[in-house]
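Given next are the chains, with one letter for each unit.
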Protein chains: 2
Amino acid sequence: MTIRTRATRLDVARLAGVSSAVVSYVVNNGPKPVAATTRHRVLEAIRALDYYPDEAARRLRGVGGSTIGYLVPDIRNPFFADMTAAFNRALRLRGYHLLLADLGDDDAQERSYLELFRTKRVDGVIAWQTASVNDLVDFLTSSAIPFVLVAARHPGASSIMIDEEAAANLAVGHLKALGHRRIAYVGPRDVTHHPQSRRPFVERALRQAGLPVNGEWFVDMAALDDAPTAARRLATAPGRPTAAIVHNDAFAIRIVSNLIELGSAVPGDLSIVGYDDLEASRYTRVPLTSIGYSKSDIGRLAIDLLLRRGEGATTREELTLPVALVVRASSARAG
Amino acid sequence: MTIRTRATRLDVARLAGVSSAVVSYVVNNGPKPVAATTRHRVLEAIRALDYYPDEAARRLRGVGGSTIGYLVPDIRNPFFADMTAAFNRALRLRGYHLLLADLGDDDAQERSYLELFRTKRVDGVIAWQTASVNDLVDFLTSSAIPFVLVAARHPGASSIMIDEEAAANLAVGHLKALGHRRIAYVGPRDVTHHPQSRRPFVERALRQAGLPVNGEWFVDMAALDDAPTAARRLATAPGRPTAAIVHNDAFAIRIVSNLIELGSAVPGDLSIVGYDDLEASRYTRVPLTSIGYSKSDIGRLAIDLLLRRGEGATTREELTLPVALVVRASSARAG
DNA sequence: CTGAAAGCGCTAACAG
DNA sequence: CTGTTAGCGCTTTCAG
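What this report covers is the structure whose coordinates are included nearby. Predicted, not measured: the structure shown is a model, and the values here were computed from it. (Residues numbered from 1 in each chain as written. Chains lettered and ligands numbered in written order. Predicted model: local features only at pLDDT ≥ 70, side-chain atom pairs only at ≥ 80, totals over all residues. Heavy atoms only, no water.)

A few words on the environment of Pro322 of chain B. All names here are of chain B. Following the sequence through the fold, Pro322 ends up in the loop between strand E11 (318–321) and strand E12 (324–326). Note on Pro322: relative accessible area 63%, which makes it exposed. Sequence-wise, Pro322 and Ala177 are 145 residues apart; in three dimensions their C-alpha atoms are separated by 21 Å. (Helix = DSSP H or I, 4+ residues; strand = E, 2+ residues; numbered from the N terminus. Buried < 20%, exposed > 50% of the residue type's maximum accessible area, 1.4 Å probe, protein only.)

Our focus in this paragraph is helix H11 (residues 249–261) of chain B. Residue and element names in this part refer to chain B. Taking 1.5 Å per residue, 13 residues should reach 18 Å; H11 reaches 18 Å between its end C-alpha atoms and fits that length. For H11, the tally of buried residues reaches eleven of 13 residues, placing the bulk of the element in the interior. For H11, every residue scored as buried is listed here: Asp249, Ala250, Phe251, Ala252, Ile253, Arg254, Ile255, Val256, Ser257, Asn258 and Leu259. Residues of H11 that are buried in the fold lie against strand E6 (183–187), helix H10 (227–235), strand E8 (243–246), strand E9 (271–275) and strand E10 (289–292). Structurally, the start of H11 carries an N-cap: the backbone nitrogen of Ala250 is 3.1 Å from a side-chain oxygen of Asn248. (Expected span 1.5 Å × (residues − 1). Contact = heavy atoms within 4.5 Å. Polar contact = N/O pair within 3.5 Å; in protein donor to acceptor, adjacent residues only side chain to side chain.)

Strand pairing in a sheet relies on backbone hydrogen bonds, with the paired strands running either antiparallel or parallel. In spatial order, the strands read E11(A)-E5(A)-E4(A)-E3(A)-E1(A)-E2(A)-E2(B)-E1(B)-E3(B)-E4(B)-E5(B)-E11(B); together these twelve strands make up an open sheet with mixed pairing. Two strands lie at the open edges of the sheet, namely strand E11 (318–321) of chain A together with E11 of chain B, each paired on one side alone. On average, each strand axis in the sheet is tilted by 20° relative to the strand beside it, whichever way the strands run. Relative to strand E4 (residues 147–150) of chain B, strand E3 (residues 124–128) of chain B runs parallel, the two being bridged by four bridges. (Pairing = 2+ DSSP bridges. Axes fitted to C-alpha atoms, helices over the stretch in contact; angles between N-to-C directions.)

Tallying each qualifying case throughout the model produces 41 salt bridges over all chains. Notably, a salt bridge pairs Arg111 of chain A with Glu115 of chain A, separated by 3.0 Å at the nearest N-O pair. Of the two residues, Arg111 of chain A and Glu115 of chain A both sit in helix H6 (residues 110–119), four residues apart, roughly one turn of that helix. A single network of salt bridges, built from pairs that share partners, joins Asp225 and Arg254 of chain A together with Glu279 and Arg282 of chain B. (Salt bridge = Lys/Arg side-chain N within 4 Å of Asp/Glu carboxyl O.)

What follows concerns unusual backbone geometry. Here the residue pair Val266 of chain A and Pro267 of chain A is connected by a cis peptide bond, since its omega of 5° sits within 30 degrees of zero. With respect to the helices and strands, Pro267 of chain A occurs in the loop between helix H11 (249–261) and strand E9 (271–275). In this structure, Arg240 of chain B is a non-glycine residue whose phi angle is positive, near 45°. As for its placement among the helices and strands, Arg240 of chain B is situated in the loop between H10 and E8.

A word on the protein's contact with DNA strand D. In the vicinity of DNA strand D lie 28 residues, with Ser19, Ala35, Thr38 and Arg61 of chain A together with Arg58 of chain B positioned nearest. When atoms of DNA strand D within 4 Å of the protein are sorted by moiety, sugar and phosphate together comprise 54%. The side chain of Lys32 of chain A places a nitrogen or oxygen atom 3.3 Å from a base oxygen of DNA strand D. In the environment of DNA strand D, a phosphate oxygen lies 3.0 Å from a nitrogen or oxygen atom belonging to the side chain of Ser24 of chain B. Mapped by element, the contributors of at least two residues to the surface near DNA strand D are helix H2 (20–28) of chain A together with helix H2 (20–28) and helix H4 (55–60) of chain B. Element by element, the count of residues in the surface near DNA strand D is highest for H2 of chain B, at four residues. Among the residues forming the surface near DNA strand D, the class breakdown is 14 nonpolar, six polar and eight charged. (Near = heavy atom within 4 Å. Nonpolar A, V, L, I, M, F, W, Y, C, P; charged D, E, K, R; others polar.)

To continue, consider the protein's contact with DNA strand C. Among the 27 residues in the neighbourhood of DNA strand C, the closest are listed as Lys32 and Arg58 of chain A together with Ser19, Thr38 and Arg61 of chain B. Among the atoms of DNA strand C lying within 4 Å of the protein, the sugar-phosphate backbone contributes 56%. Here Ser24 of chain A contributes a side-chain N or O atom positioned 3.0 Å from a phosphate oxygen of DNA strand C. Of all elements in the fold, only H2 and helix H4 (55–60) of chain A together with H2 of chain B reach the threshold of two or more residues within the surface near DNA strand C. Looking at the surface near DNA strand C, its residues break down into 14 nonpolar, five polar and eight charged.

Side-chain direction in a regular strand flips from residue to residue, so the side chains alternate between the two faces of the sheet. Residue and element names in this part refer to chain A. When you tally the buried positions in strand E1 (residues 67–72), you get six out of six residues, the bulk of the element. Going residue by residue along E1, you find Thr67, Gly69 and Leu71 tucked away on one face and Ile68, Tyr70 and Val72 tucked away on the opposite face as well. Bridging between E1 and strand E2 (residues 97–102) involves six bridges; their strand directions are parallel. Paired with Gly69 across the two strands is Leu99, which belongs to E2. With respect to chirality, the unit in which E1 leads through helix H5 (residues 78–93) into the neighbouring parallel E2 is right-handed. Bridge count between E1 and strand E3 (residues 124–128): four bridges; the pairing is parallel. Across the sheet, Leu71 pairs through a bridge with Ala127, a residue of E3. (Right-handed = clockwise from strand over helix to strand, strands pointing away.)

This is the structure:
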């Protein structure tokens, strides 16, 4: 446990009695072969001096690094936390690491994070849908940084997202099978400002199922703090919907909590279906029925997509992931 | 949105009709002054070429970087997610960024992450209590990387943690005031393997309060998955404790959920007090009474501690943060 | 106030 | 198989 001053590749070369190039060949397994005995001596010297290469110098020489910029709306949101872990795991397996860019729900930071990615010369970027996808796509494209968009589509980007159509059909189908006819939606209403809105999919699914589509049953909720208002709207909606599909579980947890405070029973008065099948959704007041999908698959596939782009693949790819319904206590027979 | 090849500081110099040194002076505001008109020309050129400095080259020259390694046991745990956000915010304000090292509950990864920090030449490390603190402290010390330990103490490290003694007294005092006399503890029992165990503090607090200390009321729980067993033990403990102090809210949420499934009422049969005052603890089946403290203060203070060390301060510092009790539905009058 | 030039640690020709 | 060497882009003396 002594503090020594860092050894450089030259120190190793001297100790091993070889040139600095050979050390390089050994460390990188190439590009030239090294005699077994020499290699051994070098390895010894490395151990003896506790030598490790300097990434900065390497990068300067043009060798690709190993870090991926990760732009996430809010890591405190359990959904993003889960997904971050999945991405991290997938990346690690391939020798990469995450530089964390947590917006903390403050979209204004986005630009400065992108600039950070650029100066740091990250090898790629994974980005969630944020306020200004267009700026993001432009910036990364013009900076020639490979990237993939998660849970969003954009004509200029590779992306990955769940099968929204199937998800909406699943949710609607489940509720219909339970005898519900008046089904509400709680989530971002305005599709232009919230491209991630699930409203269009839910609407279409309702139509296809032959169920009524009522504008007053589309309750706007764009942030967690909207929950009290949204819950009130939902509970007092004209025509009394008996079920609601909520944009995600994080929202749903808050909605349920607020409904109960307002005296509405879940699922007694209102059945609820969320999205994302959060770990946390099992331990809430009323465990949530939810649209689930494999988070680790998203992680794995997104990374592959990204690294493929990093290797110079120019084709844009759009991946769609299958979903499944996880039934728990928040949805029950109508009536 | 065109893909141009990166401009170097020399391109800027040429376009501005100055030497590369001057560009450097402008970009870094020093170390030499630059005439206003020259500076203006340089700035123009930078804009025109969309120039940005290369961090790798800079680091190679010995200029400090701006990234901090962050070793966290499991980012999916809402507590760590909250704290990560707090650290990130505090760091950003000071121009630093987090390189995420999420163990994902797999301690075996620790060493390789530490090595990563070293090759990447991070400017500091923030580390939570993990399996092998000693190795961690040795490694970072001998690599001359400044670091601070969070929620742990070690003779060779600067550290920050909450006032465990006050916390235990608060929890015990609250329950005692509600008329509870038989108080259990759920958490890691074995202090050697789990240095973060709160058991000793709870034990001492019970003694000081003149309440009984019963070995059978100390229920072992070291991971989330232990919850079912721990809940059963707690519900069937001899002498029927009427309240329990649980190691943290994440555990407490699971314990409450399991107790209810077992037919025990919370707080009817058992009052529960947790630690950490998670956001999530407000929306669980029974909102939790919990020991709270300022997560942003921890973030801020830890960073200051770290940067002070980075500046060559050699004094080890141990910070202790105040706590407060947040009373919610999970604790009620005994009886 | 501005410029020339050395060199950070490393890789990869190129030449033995 | 091994060695020599030219830079990667930047900061910073040292001279003007």
